[in-house]
Amino acid sequence: MSDRSPRSEYSQQRTPSPFRTIAQAAAPLYVTTLAASAGSLVDAALLGRHATASLAAFAVTIAVFSPATATVAGALRGVMPFVAPHRDDPAKLLPLVRNGMWLAFAVGGVCGAAVAAVPLIGGLWGVRRGTLDQLGAFPWLLSACVVLIAVGSSATSVLVALGHSAQVMRAGLLGTAASVTLSVVLVGGPGPLPSLGLTGAGLAMLTSSLISTGLNQLALRRATVLSGHPLRPGRPDVRQVLRLARVGIPLGATVLVKFAVLGMLTFAAARLGTGSAAVHSVSESLVNVVFTAAVAVGQATVPLIARYAEDGDAVRIRRSMWAGVRVALCAVAVLGGVLLALGGPVVGLFTTDPELARQVRRLLPLVVAVVAADAFQAVAGFALVGLKRTGPSLLSTVVWFGILAALSVPVADTTGLPGLWTALACANLLQAATKTASFLRHGTPTPP
């Protein structure tokens, strides 16, 4: 006779709802991203006070650095669906972690080289020689940051897949705190201290990356089932690195395409005049603050889907995806509601020009619509990552954002910013539809 009661068996079988699991994992990731964004704003503000030429050089380098780091992070997220099903099996995790680090070296090296080449790229873009002369060692410092971020991202992806988002948040917050403190000291030059300008900002960012990466790698070694196991990369297993790359590289390429097209939209807005360019820039900043919540939710969705995909549980796979969509849309609804309700004070943080503020406030409903559609498509894309199917996501982005890029200038010239942002919302909705269709088509896997 069994000594288990029906109540005890029921309590052991109970598991948290996918909605709650995803929300709890996503919250620390969102806080981390917001803190990093705040740190970047501090750097820009301090450099603006230091010298306008330094701020211009900073902007030129960040124009390459931001897509480079986003590509690196995207590529390394491809490790997550391989890790999640083996969260309690160190023997299977170890080769994945080691080969994920080799993927980080490869992707980080390529993207880091692109950042180091900023003086050359800037010259090809027609950036003024006076601005390029201000760069100094800054591109090289940020190139090293990219490599460190890649190594850190390999650990971050594993930690998130293993359910340790809080460790990622702790490392991110400490890294941001170090960046802000050093920026104030090295760039601001308080009291008798000299201001190192752009070089100081680079040193602050490099130190921040070093701290975050070190803490994430330490957490991987001490706070997970890999504790006590040597995580040195060793010799790469080329076949496994390529398996990871086949999932990660299309994801990184998707991010790169998105950055490129959004840059083209900025140029289309700038054709309408300085005021329109400024309104578009402020609106994009507001989108980024809200959209990062959806990215956090998407990352938190991947481990659930990957584990259920390993078991071939199609019902739970789909349930997890729709739970992720609900969490993301709830986050957008709350943040978007705050944005609409407090539009005046929020926009006032970005500009003191009353006419510019009025135009941004008029655009806010469209901004919320854009970010809601973007959140939906992002979660659908991350759901495909959980299935190790990132090709359809890349294809969807290339097609719909390619059409958007081709139409951006005539749409902006004909209908102004409202038309441009409506086109962006439509492109995001079409992405959401096609990515969801791909997910539903591939979401009935055969167990290995």
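Remember, it's a predicted structure, so these values are computed and weren't measured experimentally.

Along the backbone of the chain there are 16 helices and zero strands. What you see for the chain is a C-alpha radius of gyration of 22 Å, in line with the 22 Å of a compact globule of 448 residues. Dimensions along the principal axes, computed over C-alpha positions, put the chain at roughly 80 × 50 × 40 Å. Put simply, the chain has 448 residues, and 48% of those count as buried. Across the chain, every contact between residues at least 6 apart in sequence was considered, and the portion connecting residues at least 24 apart equals 84%. Accessible area for the chain stands at about 20,100 Å²; split by element, carbon and sulfur atoms hold 65% of it. Put simply, the chain has 33 plus and 15 minus side-chain charges, and the middle of one group is 3 Å from the middle of the other.

Now for the confidence of the model for the chain. Mean pLDDT over the chain: 87, with 92% of residues reaching 70 or higher. Contacts for the low-pLDDT stretch residues 1-13, under 50 throughout, to residues beyond four places or in other chains number two contacts.

Between the first and last C-alpha of helix H16 (residues 391-442) there are merely 12 Å, a value that for 52 residues lags more than 12% behind the 76 Å anticipated at 1.5 Å per step. Maximum bend of H16: about 135°, positioned at Thr415, with proline Pro418 one to four residues after it.

Look at helix H11 (residues 238-270) against helix H12 (residues 274-311): their axes get within 8 Å of each other, and the N-to-C directions meet at 150°. By the criterion of interaxial angle, the relationship of H11 to H12 is roughly antiparallel. For H11 against H12, the interelement crossing comes out right-handed. Facing Lys258, Leu262, Leu265, Thr266, Ala269 and Ala270 of H11, the residues of H12 in contact are Ser276, Ala277, His280, Glu284 and Phe291. Looking at the contact of H11 with H12, its residues break down into six nonpolar, three polar and two charged.

Attention shifts here to the packing of aromatic side chains. A complete count under the given rule lists two aromatic pairs for this structure. Between Trp102 and Phe105, the aromatic rings sit 5.5 Å apart at their centres with planes inclined by 90°, giving edge-to-face as the arrangement. Of this pair, Trp102 and Phe105 are both found in helix H5 (residues 90-116), three residues apart, which corresponds to roughly one turn of the helix. With a relative accessible area of 29%, Trp102 lands in the partly exposed category. Take Phe105: its relative accessible area is 33%, and that puts it in the partly exposed class. Look at Trp322 and Phe376: their rings are 6.3 Å apart centre to centre, the planes differ by 65°, and that puts the pair in the edge-to-face class.

Side chains of Leu395, Val399, Ile403 and Leu407 sit close together on the surface and give an oily, nonpolar patch of about 340 Å² of accessible area. Inspection of the secondary structure assignment puts Val399 in helix H16. On the basis of relative accessible area, Val399 is assigned to the partly exposed category, the value being 36%.

The next thing to look at is a positive patch on the surface. Together, Arg239, Arg243, Arg246 and Lys388 make up a positively charged patch on the protein surface. Relative to the assigned elements, Lys388 resides in the loop between helix H15 (354-386) and H16. Lys388 sits in the partly exposed class, given a relative accessible area of 33%.

In this section: the nonpolar core. Counting 117 residues, the largest nonpolar core has Val83, Leu220, Trp421 and Phe439 as the members making the most contacts within it. The residues contacting Phe439, other than those within four sequence positions of it, are Ile305, Ile317, Arg318, Met321, Ala383, Leu384 and Leu387.

Turning to helix H13 (residues 314-341), a few remarks are in order. Within an α-helix, residues lying three or four positions from one another point in the same direction, as the helix has 3.6 residues per turn. Here H13 is 28 residues long and its end C-alpha atoms lie 40 Å apart, about the 40 Å a rise of 1.5 Å per residue gives. Buried within H13 we find Ala314, Ile317, Ser320, Met321, Ala323, Gly324, Val325, Val327, Ala328, Val332, Gly336 and Leu339.

Our focus in this paragraph is the packing of H13 against H16. The interhelical angle for the contact between H13 and H16, taken along N-to-C directions, is 160°, at an axis separation of 10 Å. One element, H13, and the other, H16, form an angle in the roughly antiparallel class. The way H13 lies across H16 gives a crossing that is right-handed. Where H13 approaches H16, its residues Ile317, Arg318, Met321 and Trp322 are matched on the opposing element by Thr436, Phe439 and Leu440. Looking at the contact of H13 with H16 residue by residue, the classes come out as five nonpolar, one polar and one charged.

Reading guide: rules and limits
Residues numbered from 1 in each chain as written. Predicted model: local features only at pLDDT ≥ 70, side-chain atom pairs only at ≥ 80, totals over all residues. Heavy atoms only, no water. Helix = DSSP H or I, 4+ residues; strand = E, 2+ residues; numbered from the N terminus. Rg over C-alpha atoms; globule rule 2.2 N^0.38 Å. Buried < 20%, exposed > 50% of the residue type's maximum accessible area, 1.4 Å probe, protein only. Contact = heavy atoms within 4.5 Å. Areas by Shrake-Rupley, 256 points an atom, 1.4 Å probe, with all protein chains shown as cover. Lys, Arg positive; Asp, Glu negative; His and termini not counted. Charge placed at Lys NZ, Arg CZ, Asp CG, Glu CD. pLDDT = per-residue confidence, 0-100. Expected span 1.5 Å × (residues − 1). Bend = angle between axes of the 7 residues up to and from the residue. Axes fitted to C-alpha atoms, helices over the stretch in contact; angles between N-to-C directions. Parallel < 35°, antiparallel > 145°, perpendicular 65-115°, else oblique. Left-handed = near helix turned anticlockwise from the far one by under 90°. Nonpolar A, V, L, I, M, F, W, Y, C, P; charged D, E, K, R; others polar. Phe/Tyr/Trp six-rings, centres within 6.5 Å; stacked < 30°, edge-to-face > 60°. Patch = residues over 30% accessible without salt bridge, like charges linked within 9 Å, V, L, I, M, F, W, Y side chains within 5 Å. Salt bridge = Lys/Arg side-chain N within 4 Å of Asp/Glu carboxyl O. Core = buried A, V, L, I, M, F, W, Y, C linked by side-chain atoms within 4.5 Å.

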